[in-house]
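Coordinate inspection notes
Listed below, chain by chain, are the residues.
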Amino acid sequence: MHPVPPRSSPAVATTRVHPSEADNLHRGGHADGRRAAAADRPAVYTVWKRSSMGFQGTDGFSVYDAAGALAFRVDNYSRRRKLFAGELLLMDGSGAPLLALRPQILSMRDQWNCYRASEEIGSDKSSRRQHLFSMRLCSLVKTSDDAEVYMVGSASSSDRNGEEVPDFRVQGSFWRRSCKIRNGDGEEVARITRKKAGAALESVTLGNDVFTLTVMPNADCTMIMAFVVIMDRICQRPYKPLMCSSSY
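As a starting point, this report considers the structure included with it. Since this is a predicted model, take the numbers as computed values, not measurements.

1. Observations regarding the nonpolar core
One recurring pattern in soluble globular proteins is that nonpolar side chains are buried together. Formed by 46 residues in total, the largest nonpolar core has its most connected members in Phe133, Leu213 and Met225. Setting aside residues up to four positions removed in sequence, Phe133 forms contacts with Trp112, Asn113, Cys114, Val149, Tyr150, Met151, Val152, Met223, Ala226, Phe227 and Ile230. Counting 5 residues, the second largest nonpolar core, distinct from the first, contains Trp48, Val204, Leu206 and Val210.

2. Observations concerning unusual backbone geometry
Residues apart from glycine generally show negative phi values, whereas peptide bonds are mostly found in trans. Here the phi dihedral of Asp110 falls at roughly 55 degrees; this positive angle occurs in a residue that is not glycine. The phi dihedral of Arg177 is positive, around 55 degrees, even though this residue is not glycine.

3. Considering the pairing of strand E9 (residues 168-173)
Note: strand E8 (residues 147-151) against E9, 3 bridges, orientation antiparallel. Among the inter-strand pairings, Val149 is bridged to a residue of E9, identified as Phe168. Summarising the sheet, E9 and strand E10 (residues 178-183) pair through 6 bridges and their orientation is antiparallel. Bridge pairing links Gln171 to Lys180 in E10. Where E9 folds back on E10, the antiparallel hairpin that results is connected by 4 residues, among which Arg177 adopts a positive phi of roughly 55 degrees.

4. Comments concerning the environment of Ala117
Position of Ala117 relative to the elements: it lies in the loop between strand E6 (112-116) and strand E7 (131-137). Along the primary structure Ala117 and Pro97 are separated by 20 residues, whereas in three dimensions their C-alpha atoms are 5.7 Å apart. The contact partners of Ala117, leaving out residues within four places of it in the chain, are Leu89, Pro97, Leu98, Leu99 and Ala100.

5. Observations concerning the sheet that holds strand E4 (residues 88-92)
Pairing is antiparallel in the closed barrel, where 12 strands are placed in the order E1-E2-E3-E4-E5-E6-E7-E8-E9-E10-E11-E14. Each strand of the sheet is rotated relative to its neighbour by a mean of 20 degrees, with strand direction disregarded. As judged from the 4 bridges shared by E10 and strand E11 (residues 188-194), these two strands associate in the antiparallel manner. The partner of Arg182 across the bridge, within E11, is Glu188. Against the sheet, helix H1 (residues 221-234) makes contact with strand E1 (43-48), strand E2 (61-64), strand E3 (70-74), E4, strand E5 (97-103), E6, E7, E8, E9, E10, E11 and strand E14 (210-215), and its axis sits at roughly 40 degrees relative to E7, the strand it touches most.

6. Overview of the pairing of E10
Looking along a regular strand, one sees the side chains alternate between the two faces of the sheet. The alternating pattern of E10 places Cys179, Ile181 and Asn183 on a buried face and Ser178, Lys180 and Arg182 on a face that is not buried. In this structure, the hairpin formed by E10 and E11 is closed by a connection of 4 residues, where Gly186 is found at a positive phi of approximately 85 degrees.

7. A closer look at H1
Counted at 1.5 Å a residue, the expected span for H1 with its 14 residues is 20 Å, and the 20 Å between its end C-alpha atoms agrees. Counting buried residues in H1 gives 14 out of 14 residues, a clear majority hidden from the surface. The N-terminus of H1 is capped by Asp220, whose side-chain oxygen sits 3.0 Å from the backbone nitrogen of Thr222.

8. Here's the deal with the packing of aromatic side chains
Per the counting criterion, the structure on display carries 5 aromatic pairs. Between Tyr45 and Phe72, the ring centres sit 5.8 Å apart and the planes meet at 55 degrees, which makes this aromatic pair tilted. With a gap of 27 residues between them, Tyr45 in strand E1 and Phe72 in strand E3 connect regions that are remote in the sequence. Seen from their ring centres, Phe174 and Phe211 are 6.3 Å apart, and the 75 degrees between their planes marks the pair as edge-to-face. One end of the pair, Phe174, is in the loop between E9 and E10; the other, Phe211, is in strand E14, with 37 residues separating them in the sequence. Note on accessibility: Phe174 and Phe211 belong to one class, buried. Over the ring of Phe61 we find Lys49, and its NZ or CZ is 4.7 Å from the ring centre. Residue placement shows Arg177 over the ring face of Phe174; its charged tip is 4.8 Å from the ring centre.

Cut-offs used in this document
Residues numbered from 1 in each chain as written. Predicted model: local features only at pLDDT ≥ 70, side-chain atom pairs only at ≥ 80, totals over all residues. Heavy atoms only, no water. Core = buried A, V, L, I, M, F, W, Y, C linked by side-chain atoms within 4.5 Å. Buried < 20%, exposed > 50% of the residue type's maximum accessible area, 1.4 Å probe, protein only. Contact = heavy atoms within 4.5 Å. Pairing = 2+ DSSP bridges. Helix = DSSP H or I, 4+ residues; strand = E, 2+ residues; numbered from the N terminus. Axes fitted to C-alpha atoms, helices over the stretch in contact; angles between N-to-C directions. Expected span 1.5 Å × (residues − 1). Polar contact = N/O pair within 3.5 Å; in protein donor to acceptor, adjacent residues only side chain to side chain. Phe/Tyr/Trp six-rings, centres within 6.5 Å; stacked < 30°, edge-to-face > 60°. Lys NZ or Arg CZ within 6 Å of the ring centre and 35° of its normal.

In structure tokens form, the structure reads like this:
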């Protein structure tokens, strides 16, 4: 049985963390959470801000696909200062490593670097890793959650009029669970929204520790999930689960 999020009334006693029946309309064509979204429809995930390791003190992510299966996970990382933060490992539902995420210590914009996890095992040297992308906040002032992503070796990251152009941008409020991820051409490739559960007339908006991630057709779901994990770190708001509240 799937775990349930915190709740404040009996009306949501049977609410599951994974997508509702309405979300399951998006189910077809996406049997494996590691694949890109299907060519004809978005991939819809329910992201629970909790490690799949259920013992006390863990802090991570459990991500369910439209069928309710565990698609991605990040287990048991601490929220120490970035100087002492360790590496985050994005895994598939069975625990196989996909991507390794590491903070760049000397960075004014809280930059994180992503590496292919298969090359991380047994090695602590960055020179031996395949660097895939870097992600950082857009502003030094840190007045918003907006972030930018630069893919390694991407032609679109070349200078235009003397300025770097990011391959992806995150715009909106990550902590309000209302933001979009756009590619270098401004096209939306993913969005984060508040999670609602239940029938349309009796829907319940879940707390910020449970939210919906929608990945557009042909986008790389694993890479998008890596963006989400990094955003959770660079926005720097302490994690405090909220109780469910009814929406009117």
